[in-house]
Every structure is written in structure tokens, then in C-alpha cells.
Amino acid sequence: MALPFQTLSTRIPRNTTPLHSPPRVNRALASRKRAALVAASAMYGSAADGAHKRKLQPLPHVLTVAGSDSGAGAGVQADIKACGALGVFCSSVVTAVTAQNTVGVQGVHVVPESFVEEQLRSVLSDMDVDVVKTGMLPSIGVVKVLCDSLRKFPVKALVVDPVMVSTSGDTLSAPSTLSGYRDQLFAMADIVTPNLKEASALLGGAPLKTVYDMRDAAKSIYNLGPRHVLVKGGDLSDSSDAIDIFFDGQTCHELRGSRVKTRNTHGTGCTMASCIAAELAKGSAMLQAVQEAKAFVESALHYSKDMAIGNGPQGPFDHLFRLKSPHYNVGATPRFNPDDLFLYAVTDSRMNKKWGRSITDAVQAAIEGGATIIQLREKEAETREFIESAKACLEICRSSRVPLLINDRVDVALACGADGVHVGQSDMPARTARELLGPGKIIGVSCKTPAQAEKAWADGADYIGCGGVFPTTTKEDNITVGMEGLKAVCLASKLPVVAIGGIGIANARSVMEIGVPNLKGIAIVSALFDRECVATETRKLRSVLMDACSRTNLSV
Ligand SMILES: Cc1ncc(COP(=O)(O)OP(=O)(O)O)c(N)n1
Ligand SMILES: Cc1nc(C(=O)O)sc1CCOP(=O)(O)O
Ligand SMILES: [Mg+2]
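Here, residues in each chain are numbered from 1, in the same order as that chain's written sequence. Written order determines the labels here, with chains lettered from A and ligands numbered from 1. Local features in this predicted model are restricted to residues of pLDDT 70 or higher, and side-chain atom pairs are both shown and tallied only at a pLDDT of 80 or more, whereas totals for entire chains, interfaces and linings draw on every residue. As a rule here, side-chain values come from all non-hydrogen atoms in the structure, and water together with hydrogens is ignored.

By the naming in an unreviewed UniProt entry, the protein chain is Probable thiamine biosynthetic bifunctional enzyme, chloroplastic isoform X1, taken from Ananas comosus. UniProt positions are given in the numbering used here, feature names are shortened, and annotations may be inferred rather than shown by experiment. In the Subcellular location (unreviewed entry) part of its UniProt record, the protein chain is described as follows: "Plastid, Chloroplast". Checking UniProt for the protein chain, the heading Function (unreviewed entry) contains the comment "Essential for thiamine biosynthesis. Bifunctional enzyme that catalyzes the phosphorylation of hydroxymethylpyrimidine phosphate (HMP-P) to HMP-PP and condenses 4-methyl-5-(beta-hydroxyethyl)thiazole monophosphate (THZ-P) and 2-methyl-4-amino-5-hydroxymethyl pyrimidine pyrophosphate (HMP-PP) to form thiamine monophosphate (TMP)."

Engineer: Sorry if this is basic, but what is going on with the overall build of the protein chain here?
Structural biologist: Looking only at helices and strands, the protein chain has 19 helices and 17 strands in total. For the protein chain, restricting intrachain contacts to residue pairs at least 6 apart in sequence, the fraction spanning at least 24 positions comes to 68%. In this description a helix means any DSSP run of H or I spanning at least four residues, a strand means any run of E spanning at least two, and both kinds are numbered starting from the N terminus. Contacts are assigned to residue pairs that have any heavy atoms within 4.5 Å of one another.

Engineer: I keep staring at unusual backbone geometry and nothing clicks. Help me out?
Structural biologist: Most peptide bonds are trans, and most residues other than glycine sit at a negative phi. The omega angle of the peptide bond from Gly467 to Gly468 is -10°, so this bond is cis rather than trans. Tracing the sequence through the fold places Gly468 in the loop between strand 15 (463-467) and helix 16 (482-492). A positive phi angle is found at Ala72, which is not glycine, with a value near 65°. Judged by its relative accessible area of 23%, Ala72 is partly exposed. The cut-offs for exposure are 20% and 50% of the maximum accessible area for each residue type, with area from a 1.4 Å probe on protein chains only; residues under the lower value are buried, those over the upper are exposed, and the others partly exposed.

Engineer: Got a minute to help me understand the site of ligand 2 in this structure?
Structural biologist: Around ligand 2, the structure places 14 residues, and the nearest of them are Gly468, Thr472, Thr474, Gly502 and Ser526. A 3.5 Å cut-off defines polar contacts: any pair of N or O atoms within that distance qualifies, except that in protein one atom must be a possible hydrogen donor and the other a possible acceptor, and neighbouring residues in sequence count only when both atoms are side-chain atoms. Here an oxygen atom of ligand 2 and a backbone polar atom of Gly467 are 3.4 Å apart. At 2.6 Å, a side-chain N or O of Ser526 approaches an oxygen atom of ligand 2. The Shrake-Rupley method, run with a 1.4 Å probe, gives the accessible areas here. Residue values count only the displayed protein chains as cover. In isolation ligand 2 exposes 420 Å². Once the protein is present, 94% of that is buried. Nearness is judged by heavy atoms alone; a residue qualifies as near a molecule or strand once a single heavy atom is within 4 Å of it.

Engineer: Looking at this model, I keep getting lost on the sheet that holds strand 13 (residues 420-423). Mind explaining?
Structural biologist: Reading around the barrel, the eight strands line up as 10-11-12-13-14-15-16-17 and close back on themselves, with parallel pairing between neighbours. Pairwise comparison of adjacent strand axes, ignoring direction, gives a mean angle of 25° for this sheet. Any two strands with at least two DSSP bridges between them are considered paired. Across four bridges, the pairing between strand 15 and strand 16 (residues 497-500) is parallel. Across the sheet, residue Cys466 finds its bridge partner in strand 16, namely Ala499. Each axis is a line fitted through C-alpha atoms, taken for helices only over the stretch in contact, and angles between the N-to-C directions span 0 to 180 degrees. This element, helix 11 (residues 359-369), spans strand 10 (343-346) and strand 11 (373-376) of the sheet and lies at about 160° to strand 11.

Engineer: Even after reading the chapter, I still don't get the pairing of strand 2 (residues 89-100), so can you show me in this structure?
Structural biologist: In regular strands, side chains alternate between the two faces of the sheet. Two strands pair when backbone bridges link them, and strand 1 (residues 61-69) and strand 2 are joined in this way by nine bridges, in the parallel orientation. For Val65, the partnering residue across the bridge sits in strand 2 and is Val93. Seen with its strands pointing away from the viewer, a crossover is right-handed when the path leading from the first strand over the helix to the second is clockwise. Remark: the strand 1/helix 2 (residues 75-85)/strand 2 crossover connection has right-handed handedness. By the bridge criterion, five bridges tie strand 2 to strand 3 (residues 105-110) in an arrangement that is antiparallel. Bridging from a neighbouring strand, Ala96 pairs with Val110 of strand 3. The turn linking strand 2 back onto strand 3 is made up of four residues.

Engineer: How should the pairing of strand 17 (residues 519-524) be read in this particular structure?
Structural biologist: Counting buried residues along strand 17, five of its six residues qualify, which places the element largely inside the surrounding structure. With four bridges joining them, strand 16 and strand 17 adopt parallel strand pairing. The residue of strand 17 that forms the bridge with Ile500 is Ala523.

Engineer: What exactly am I supposed to notice about helix 2 here?
Structural biologist: In an α-helix there are 3.6 residues to a turn, and that puts residues three or four apart on one side. Inspection of helix 2 places Gly75, Val76, Ala78, Asp79, Ala82, Cys83 and Ala85 among the buried residues, and these make up the whole buried set. In this structure, the buried side of helix 2 is in contact with strand 1, strand 2, strand 4 (131-134), helix 8 (268-282) and helix 9 (286-303). Positive phi appears at Gly87, one or two residues downstream of helix 2, with a value of about 80°.

Engineer: Got a minute to help me understand helix 8 in this structure?
Structural biologist: The length a helix should cover is 1.5 Å for every residue beyond the first. With 15 residues, helix 8 should cover 21 Å at 1.5 Å per step; its first-to-last C-alpha distance of 21 Å lies within 8% of that length. Across the 15 residues of helix 8, 12 count as buried, placing the element largely inside the fold. Within the span of helix 8, buried status applies to Cys270, Thr271, Met272, Ala273, Ser274, Cys275, Ile276, Ala277, Ala278, Glu279, Leu280 and Ala281. With its phi angle positive at about 115°, Gly283 sits one or two positions after the end of helix 8.

Okay, structure coming up:
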């Protein structure tokens, strides 16, 4: 699986021996993979044996190298749960066994370095690990063993959480480990994720008290060798937000989230690093992985804030909150598929009233005609009425496996369990919507400029609606960006795009033929709903789009 931030063949650690691409090691990797495929085809038959045979699929894989926490809030236990929650396989090399609970750390048994090495060899020589994540590394000897193992068995990315002191204040690594981090491990790391105390310890002990201190610290730690640094400001006093600083060597990003008031924060650092590792293993770029991780931790804290485990001052939280939360409800359309933007039907209450049809009839007809996603844009509806009709529409959409989004109203989306929302530049910010909806819901953002598209991506949106491509009477005072504006936004956008505004049978083809691969479809209001027969109009538009796609070899 290729990681977008740096490829195996191009990335060289900044200060040290290459970790990822010595040809000798790649040959070793290739021969391990060949051996695994030979073994697998002996069990399942080779691809040539017939199409009915099972296809072997690797799972994104994180290896955590960390300490065990008997209370299961942090350490290896947190790492495995976090990766599992994000759909990533997690193997584990245990560096120490701690006796630990919500009161603190009562004891630590360090695993001999030679046995850490043996565990590393067992996992790395057999399994295709995508990303290694480190937690508690109790001694400089373990750091050395790890660095040596990673040179022998290269992986795609290394996430280093420089665990030194537990949240209860207990020491988890020998002081000499600090020099191991600075002199050996950081140069191999794709990201290092210290909290305020760890960042201060790494830089000689001066306390970090402000966001400015965090920015300076991120830059100084970057100079120790890692490719990215995330200084976590969860412990920053006098801040109502949870502010983290992400530095990529050029730009300092201030990542803001809401601070959740709860005692259940034990294990947030381990979880954050594991989620970053899991997202990288799935193929995310670094900033996106960090943002997904931050959103996950925030949601987990939110949903676990009243949980009661243990009697001490700091409890664990529930990594598997999504299994319980109605907002991540079982049966919801799974994570966003950009191809769903193909024929995007946006309802309009005034048009439905004009043609004397209910919103459910309108949605049913659009789906019957081949709409691939529905947005309820009910500007005049009262909240209660909106929730009730949205629930009825959701039933229709679920039975056809068509995602249902709500325009503007995150509260309504939450209340009815819709698949997501579409927000504009003056609606609730996408970042806040993501915090409220969690990572499992779809968020679309209206963008007219490349800068807005960049922000939508950084805020955790899933797609962009770009328009007005043509003048429209459906939305008052709408600025028309034209085909050129659409193309510029598509080219700048890392997200899939749907075009909107004045699109109908006459011009749909020209829009789809602008020849940018991330333009995935068109969104339409009046050309579907300000017509006598919604199903017929939808069918006609679908056929125009299919035709345009077959001409341009776009996938449908
Ligand atoms: C798919 C899609 N794209 C753009 C919009 C417009 O959203 P917004 O700018 O918030 O305007 P309103 O629709 O709220 O008037 C959209 N709704 N859908
Ligand atoms: C809801 C909306 N948003 C737009 C934007 O430019 O972001 S244009 C628009 C109205 C689209 O309606 P019709 O298909 O009837 O032109
Ligand atoms: Mg809006």
C-alpha cells in the first residue's frame, strides 16, 4: 500500500542511515512476500485455478512496540483497541508489563532487551507490517534494538510517541532513553507526538506554557530529525480548546478541537499515536491522519465522559464507542464512496409544494430514476417537521442503499440518523460538524475557490460541492464560477467534487466532460424537482451522464 507522503524509493531519513529502502532489504521483503503467496496458494489455489477461488486481501497493519497496561486504558491495550476501532490489524511487541489502574502505576517489569528483539523478529519477519508505532521504550537498549530491527525489516512509516511519564506522574522510561530518542529513533520517525511535558523534557526541561512555546518546541524537535512533529497541548492551562501544533518542516498548523470535560482521559496519548499509525496504514497523508486521529480521540472522550471504571482520579475511555452510539449506528450506509456523487439530487420544499408532492414522494421518485445520493434542502421546514420527514426519507434511502444527507442542519442529521450533512461557507464550519458527527458520517462543503477547497479538506470534509457552474434561480444571489472556476477548484482539491448550479439535460454532458478525474458528478435541484415527473427527469439525466462517462472513459 503506497503512502502518499513519501514513497519507499524516495524517502531518506534526514540524519541517518536509510530506514525504508536499501535494495538488499527490499529483496528480502519481496522473497518473504513470495513465500507467503506460495504458502497461501497451496491452501487456496492460485489465481489461475478459477474465479470462484477466494481473493487474498492484506489488511492494513500496525505493529505497536509498547508497554502493557493492566488497567487497559493506555499502552498496548489502548493501541490494539484504537487500531481495531479504525479497521486496522494491530500486532504487539511488549517492552514492559505494568501493574496499573485508575490510581496510578504500582509496578513495572521490564522485558529483557533480547526478548523484545525476539518479538520484533517474530512479527516483522513473518507479517507485512505497514506502520510501526512506539510507546513505552523503557531503556536506551530497547531503542537500539528497535532501530536495528527496523533497518533489517523496513516498514512504510514510523510513529514515535515519546512516552516518558504516565498521566498519573509515574516514570516509565530511564532518563537515558531521552538520548536514544534524540540520537537514534527520531531520525527514522515520520512523526513524533510529545505532550507538553515530553516536549519540554526532550528540549532540556524548560516548561511549555503557551501556544507560542508549543510552536517553538515543534520546530526544535523537528530539528532533531523526524519528518513531522505533533506537540499535543491537552495539558495547556488557560485554554478552553484542545490545541495541538503540527509542524511539517515548513508550516505550523494549529489544530483546534473542543476540550471534553471528563475524568476519563487515561490513554489519550497512546490512542492518538495509534490512530495516526492506523490512518497512515490505510493510506492517509500525514496531516489528514493527524486530523482523523484527533477527531477520533475527541469523539471517544465525548462518548465516554460519564463512564465509571475504577475509583482513581483518571479513568480509561471506550475506544469501541461506535459500537454503541446511535450516531454511528449499525445499518448506516458505510463510509463515503465518492462515486455516490454521480447523480446528486437536492430537494427543494418550494418546488415540492408547487407540484403538490410530499418530500418522501420526491425522494422516492428521484431514487427510482437513478439518483445516487439525496440531500434534503428544506429551507422553510420547522425543526420537528424536518426531523420527522427526514426519518421517513431515510427509510426509503436505506432500503435502496442510497446515502441521505441533510442541508445545513447538523442537529437534524444527528436527530434522524442521516448519513451526513452538506454545509456552506456561512453554515456551521465543517470542522465543528465533524466533531459533532464523528468520523463515520459524510460531510460535504460548498467551495467556490481553491483556498476554500484546501480548507474543507483540512477540516475533515469528504467531498466538495462547487458552483454555481451556471446561473441559477434556485439559490438567491449565488455567485457563478463558470466552468473555469469549477476546473480550478477540481484541480486544487484533494477531495472529490460534485458540480452544482444551473445544471440540466442541456449542459450536464459539457460539465462532465471537463476532463478532471476528481469531478465525480453533478448536483441538481430544479432540473429534477421543478418538473412534472421527477423519476423521468432523473432517468434522462442519468442517461446523459452515463453517455458522457463512456465517451470520456470515466468510471461510472
Ligand atoms: C452538493 C451541494 N453543493 C453546494 C450546495 C450549496 O450549499 P450552501 O452554499 O450552504 O447553500 P444552501 O444550499 O445552504 O443554500 C449544496 N446545498 N449542495
Ligand atoms: C443549492 C445550490 N448551491 C449552489 C452553489 O453554487 O453552491 S447553486 C445551488 C442551486 C442549484 O440549483 P439548480 O440545480 O436548480 O440550479
Ligand atoms: Mg447552506
